[in-house]
Amino acid sequence: GLFPVDSDFCFALVNYRPVLGPERMSTQAFAAAWDLVFANRSVLLIVPPEKFLLHCRGCVQLSQLLWGGTERRPPFRLARRLHALAPGLLPSESVPGAAWPNIFALARAAAAEAQAEAVAVVWGPFADVLVAELACGGLRALDVGRLLDKLLPDADDDEQDEHEEPLDLAKPRLHVSHVSRARPPPELQALLAAAGAPS
């Protein structure tokens, strides 16, 4: 098939809809193909606060870590279960190196509570780091940020991806500063302890 559905790590270029050549796809066909990636799986969606309501419409709080009951949109229409990490638990701006161990622990704890078989991450350039860490830990993780934006109901189906700024693979996308063993803030320590994750 077009997508590596059995892979644990998915490179972000598959988020781009083919618009030229024999594999050209409409937005509807592209959405249907992506629905199969998450079909019959329990999915955890990780979204930053500023995009939470956009991608988690109808969500209600289920626990300190999880929200659920979201309106099903592509690429999650065929998912068995869909949960989202509670809004506000991820920083939306810069991420200091000392924060990464806590973020990884938080994501793993949420995935465990959701019994997630796949984790879909929307977090700009920081998604690369989180997806790689989760995949190395044995979770099926995908960076779907650009994909979700393109599959929104009001997205332009006739948009030509080739008119966008080309992706420069040689350009560094993210700088991660030195990771230290700094303790998380007390509120996050309590949340991690309640979830059974190391702080």
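Residues numbered from 1 in each chain as written. Predicted model: local features only at pLDDT ≥ 70, side-chain atom pairs only at ≥ 80, totals over all residues. Heavy atoms only, no water.

### A closer look at the pairing of strand S7 (residues 140–143)
- The two faces of S7 match: Arg140 and Leu142 on one face and Ala141 and Asp143 on the other face are all buried.
- Here strand S6 (residues 118–121) pairs with S7 via four bridges, running parallel. Counted as the bridge partner of Ala118 is Arg140 from S7.
- Once you follow S6 into helix H4 (residues 126–136) and on to S7, the crossover reads as right-handed. (Buried < 20%, exposed > 50% of the residue type's maximum accessible area, 1.4 Å probe, protein only. Helix = DSSP H or I, 4+ residues; strand = E, 2+ residues; numbered from the N terminus. Pairing = 2+ DSSP bridges. Right-handed = clockwise from strand over helix to strand, strands pointing away.)

### Re the packing of aromatic side chains
- One pass over the structure, following the stated rule, counts seven aromatic pairs.
- A ring pair is formed by Trp100 and Phe104, whose centres lie 5.4 Å apart and whose planes are at 35°; its orientation type is tilted. With a gap of four residues between them, Trp100 and Phe104 both fall in helix H3 (residues 100–114), about one helical turn apart.
- The exposure class of Trp100 is buried, given its relative accessible area of 2%.
- Pairing Trp100 with Phe126 gives two aromatic rings, centres 6.2 Å apart and planes at 50°, and the pair type is tilted. Within this pair, whereas Trp100 is found in helix H3, its partner Phe126 is found in helix H4, the two being separated by 26 residues in sequence. In terms of burial, Trp100 and Phe126 fall into one category: buried.
- One aromatic cluster in this structure is built from Trp100, Phe104, Trp123 and Phe126. (Phe/Tyr/Trp six-rings, centres within 6.5 Å; stacked < 30°, edge-to-face > 60°.)

### Remarks on the state of the cysteines
- Enumeration over the complete set of coordinates arrives at one disulfide.
- Across the disulfide, Cys56 is cross-linked to Cys59 (sulfur-sulfur distance 1.7 Å). Linking Cys56 and Cys59, the disulfide has an S-S dihedral of approximately -65° and is accordingly described as left-handed.
- Given a relative accessible area of 13%, Cys59 falls into the buried group. (Disulfide = S-S within 2.5 Å.)

### Description of the confidence of the model for the protein chain
- Chain-level pLDDT for the protein chain is 78 on average; 69% of the residues reach the 70-or-more range.
- Ignoring residues within four places in sequence, the model shows residues 157–169, a span with pLDDT below 50, making 22 contacts including any to other chains.
- Note that residues 171–182 has pLDDT below 50 and, in this model, 17 contacts with residues that lie over four places away or in other chains. (pLDDT = per-residue confidence, 0-100. Contact = heavy atoms within 4.5 Å.)

### Considerations on unusual backbone geometry
- That bond from Pro74 to Pro75 is cis: its omega, 10°, falls within 30 degrees of zero.
- In the Ramachandran plot, Asn40 falls in the positive-phi region, its phi being about 60° despite a non-glycine side chain.
- Within the secondary structure, Asn40 sits in the loop between helix H1 (27–37) and strand S2 (42–46).
- Of note, the phi angle at Gln115 is positive, near 50°, even though the residue is not glycine.
- As for its position among the elements, Gln115 is in the loop between H3 and S6.
- Overall, Gln115 belongs to the exposed group, its relative accessible area being 56%.

### Some remarks on the pattern of salt bridges
- The tally for this structure, following the rule as stated, stands at four salt bridges.
- Lys51 is paired through a salt bridge with Asp149; the nearest N and O atoms lie 2.8 Å apart. Remark: Asp149 occurs in helix H5 (residues 145–150) and Lys51 occurs in helix H2 (residues 49–55); sequence separation between them is 98 residues.
- For Asp149, a relative accessible area of 28% translates into the label partly exposed. (Salt bridge = Lys/Arg side-chain N within 4 Å of Asp/Glu carboxyl O.)

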